Amino acid sequence: ILLGFICFSFMSFSVYIINDLIDYEQDKKNKIKKDSPIQRGIISKQNCIRIAIIFFMLANTINIIFFDIKSLIILNAYFILNILYSKYIKNIAYVEFICFILFYLFRLYFGAFILNLNLSLEIILFVFICSLYLITNKRINEKKNKINKVSLKKYNTIFLIRLSNTLELFLITIYTYWLLKYFT
């Protein structure tokens with residue numbers, strides 16, 4: 001389990017570094033992100049690229065040595081989708097929701113593959129709806145706090161609030177169903 005956690009963490013580190021490089025100019029204008037080590041020049045862009053490559057290679061090496069091809073596919077699909085998200089998809093309202101959901105489902109399936117577990121429909125639905133709930137509420141809060149993002153202008157706040165309320169009901173329903181199914 002620990003090696004799987006380390007493996008996925010290394011891939012996530014690689015993705016986060018690349019995302020910071022992609023968002024470099026935009027982050028320089030952000031009140032919070034402008035003080036990051038990359039923005040302040042403490043870590044050069046070239047070194048960031050090297051570090052990202054090292055984390056990427058370490059994640060894939062650990063996976064190849066200790067796990068199977070299914071987890072390797074999920075791990076690299078997670079990487080590719082994150083790059084696509086950072087470059088293109090994050091500015092497309094609602095489409096970005098699909099990516100966000102997939103990021104969480106990739107984590108779930110990666111864990112299931114390395115532990116050789118079969119996932120129940122309930123856990124898949126729960127993670128799907130929970131991740132959609134998280135991104136919906138994140139966008140609601142960003143709109144409320146007037147965060148400057150390209151995609152935010154395309155979101156309807158009333159729709160997002162209604163979606164959030166509906167998702168809460170689904171989460172409660174799925175969780176209740178799971179409790180009744182497995183504990184009665």
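The structure displayed is predicted, hence computed values, not measured ones.

Asker: Help me out: how do you make sense of a nonpolar patch on the surface in this one?
Answerer: Together, Y175, W178, L179, Y182 and F183 make up an exposed nonpolar region whose accessible area comes to about 510 Å². Among the secondary structure elements, Y175 is positioned in helix α7 (residues 157-183).

Asker: Even after reading the chapter, I still don't get helix α4 (residues 69-87), so can you show me in this structure?
Answerer: Compared with the 27 Å implied by 1.5 Å per residue over 19 residues, the 27 Å span of α4 between its first and last C-alpha is a close match. Along α4, the residues classified as buried are S71, L72, I74, L75, N76, Y78, F79, L81, N82, Y85 and S86. Between the side-chain oxygen at the start of α4 and the backbone nitrogen of K70 there is a gap of 3.3 Å, and the oxygen is on D68.

Asker: I keep staring at the pattern of salt bridges and nothing clicks. Help me out?
Answerer: Should the charged atoms of two oppositely charged side chains come close, the side chains can pair. Going through the model one piece at a time under the given rule, you end up with four salt bridges. Here E96 and R139 are joined by a salt bridge, their closest N and O atoms 2.6 Å apart. Placement of the pair is E96 in helix α5 (residues 95-115) and R139 in helix α6 (residues 121-144), with a sequence separation of 43 residues. Taken as a pair, E96 and R139 share a single burial class, namely buried. Within the structure, one salt-bridge network assembled from shared partners comprises E96, R139 and E142.

Asker: It is not clear to me how the nonpolar core should be interpreted in this structure. Could you clarify?
Answerer: The nonpolar side chains of a soluble globular protein tend to be buried with one another. If you look at the biggest cluster of nonpolar residues, it comprises 26 residues, and the most contacted ones within it are L75, Y78 and F110. Filtering out sequence-adjacent residues up to four positions away, F110 remains in contact with G4, C7, F8, N63, S71, I74 and L75.

Asker: Can you help me understand the packing of α6 against α7 in this one?
Answerer: Helix-helix packing: each pair is described by the crossing angle between the helix axes and the interaxial distance. Orientation of α6 relative to α7, taken along the N-to-C sense of each, is 155 degrees, at an axis distance of 9 Å. Looking at the two axes, α6 sits roughly antiparallel to α7. Our pair here, α6 against α7, has a crossing hand that is left-handed.

Asker: Any chance you could explain the packing of aromatic side chains here in plain terms?
Answerer: Given two aromatic rings, their pairing is described by the distance between the two centres and the angle made by the two planes. Inspection of every chain in the model, using the stated rule, returns 19 aromatic pairs. Ring centres 5.1 Å apart and planes at 65 degrees place the aromatic pair F13 and F55 in the edge-to-face group. Separated by 42 residues along the polypeptide, F13 in helix α1 (residues 2-22) and F55 in helix α3 (residues 45-66) bring together distant segments of the chain. An angle of 20 degrees between the planes, with centres 5.4 Å apart, marks the rings of F97 and Y155 as stacked. Of this pair, F97 sits in helix α5 while Y155 sits in the loop between α6 and α7, placing them 58 residues apart in sequence.

Asker: Can you walk me through α5 in this structure?
Answerer: Since there are 3.6 residues in each turn of an α-helix, residues three or four apart along the chain are aligned in direction. Its 21 residues give α5 an end-to-end C-alpha distance of 31 Å, which sits within 8% of 30 Å, the value for a rise of 1.5 Å per residue. All of the buried residues along α5 are E96, F97, C99, F100, I101, F103, L105, F106, L108, F110, A112 and I114. Directly beyond the C-terminal end of α5, a positive phi value near 55 degrees is found at N116.

Calculation rules
- Residues numbered from 1 in each chain as written.
- Predicted model: local features only at pLDDT ≥ 70, side-chain atom pairs only at ≥ 80, totals over all residues.
- Heavy atoms only, no water.
- Patch = residues over 30% accessible without salt bridge, like charges linked within 9 Å, V, L, I, M, F, W, Y side chains within 5 Å.
- Areas by Shrake-Rupley, 256 points an atom, 1.4 Å probe, with all protein chains shown as cover.
- Salt bridge = Lys/Arg side-chain N within 4 Å of Asp/Glu carboxyl O.
- Helix = DSSP H or I, 4+ residues; strand = E, 2+ residues; numbered from the N terminus.
- Expected span 1.5 Å × (residues − 1).
- Buried < 20%, exposed > 50% of the residue type's maximum accessible area, 1.4 Å probe, protein only.
- Polar contact = N/O pair within 3.5 Å; in protein donor to acceptor, adjacent residues only side chain to side chain.
- Core = buried A, V, L, I, M, F, W, Y, C linked by side-chain atoms within 4.5 Å.
- Contact = heavy atoms within 4.5 Å.
- Axes fitted to C-alpha atoms, helices over the stretch in contact; angles between N-to-C directions.
- Parallel < 35°, antiparallel > 145°, perpendicular 65-115°, else oblique.
- Left-handed = near helix turned anticlockwise from the far one by under 90°.
- Phe/Tyr/Trp six-rings, centres within 6.5 Å; stacked < 30°, edge-to-face > 60°.

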